[in-house]
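Breakdown of the fold
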Amino acid sequence: PDEEIEGGITPGADSPVFDTDFGRVGLFICWDSSYPEVARALAARGAEVLFLPIWGGVEQLVQARAIENQVYVVASGYDFRSGIFDRRGERIADAKGSEVVLATVDLAEPTVWEWLGNWRARIDREAPAWSGR
């Protein structure tokens, strides 16, 4: 946000993805959830799960990042309700207060939409071109 830049914080220039024992993960933070490009860059680099530490935010935007990129989003919030969102943008785990939540997912199982089919498999060839590819 402008207020943070004016305060001396410098925006990053990369969106790395990390290989873990349970899949490829990417990290985006707080304000990043307001912009589709950050999550798209992580998904384009192969992220299957996005971790989102967030202060506040709009839940519908977090759901949109999961849906449009066909990734799971694990959000840990301060005044944002923590939880895990599936590829349909639905909460599959919901934290009450400061508890830890878990969800079992199968990253290899495609999410098939009635009107789109396997959207994750179609994103790269059908999505509009952008400079982050």
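For the structure, see preceding data.
This structure is a prediction, so every number in the text was calculated from the model and none was measured.

Across its full length, the chain holds 4 helices and 8 strands. When the helices and strands of the chain are read in sequence order from the N terminus, they spell out α-β-β-α-β-α-β-β-β-β-β-α. For 133 residues, the compact-globule estimate of 2.2 N^0.38 gives 14 Å, and the C-alpha radius of gyration of the chain, at 15 Å, lies within 12% of that figure. With the C-alpha coordinates of the chain rotated into their principal frame, the extents come out at 45 × 40 × 30 Å. Here the chain holds 133 residues, and the buried ones make up 32% of them. Long-range pairs, those at least 24 residues apart, make up 41% of the contacts in the chain between residues at least 6 apart in sequence.

It is worth spelling out helix α3 (residues 59–69) at this point. Those residues of α3 lying buried are V62, R65, A66 and N69. The buried residues of α3 occupy an angular sector of 95° when the element is viewed end-on, so they sit on one face. Q70 occupies a position one or two residues after α3 and carries a positive phi of about 55°.

Now for the packing of α3 against helix α4 (residues 119–126). Contact geometry of α3 with α4 gives a least axis separation of 8 Å together with a crossing angle of 80°. Here α3 lies roughly perpendicular to α4, going by the angle between them. Contacts from I67, E68 and N69 of α3 reach α4 at W119, R120 and I123. Among the residues making up the contact of α3 with α4, the classes are represented as 3 nonpolar, 1 polar and 2 charged.

A cluster of acidic residues, D2, E3, E4 and E6, forms a negative patch at the surface. Taking relative accessible area as the criterion, E3 reaches 60% and is therefore assigned exposed.

Procedures and definitions
- Residues numbered from 1 in each chain as written.
- Predicted model: local features only at pLDDT ≥ 70, side-chain atom pairs only at ≥ 80, totals over all residues.
- Heavy atoms only, no water.
- Helix = DSSP H or I, 4+ residues; strand = E, 2+ residues; numbered from the N terminus.
- Rg over C-alpha atoms; globule rule 2.2 N^0.38 Å.
- Buried < 20%, exposed > 50% of the residue type's maximum accessible area, 1.4 Å probe, protein only.
- Contact = heavy atoms within 4.5 Å.
- Arc of directions from axis to C-beta.
- Axes fitted to C-alpha atoms, helices over the stretch in contact; angles between N-to-C directions.
- Parallel < 35°, antiparallel > 145°, perpendicular 65-115°, else oblique.
- Nonpolar A, V, L, I, M, F, W, Y, C, P; charged D, E, K, R; others polar.
- Patch = residues over 30% accessible without salt bridge, like charges linked within 9 Å, V, L, I, M, F, W, Y side chains within 5 Å.
- Areas by Shrake-Rupley, 256 points an atom, 1.4 Å probe, with all protein chains shown as cover.
- Salt bridge = Lys/Arg side-chain N within 4 Å of Asp/Glu carboxyl O.
- Lys, Arg positive; Asp, Glu negative; His and termini not counted.
- Charge placed at Lys NZ, Arg CZ, Asp CG, Glu CD.

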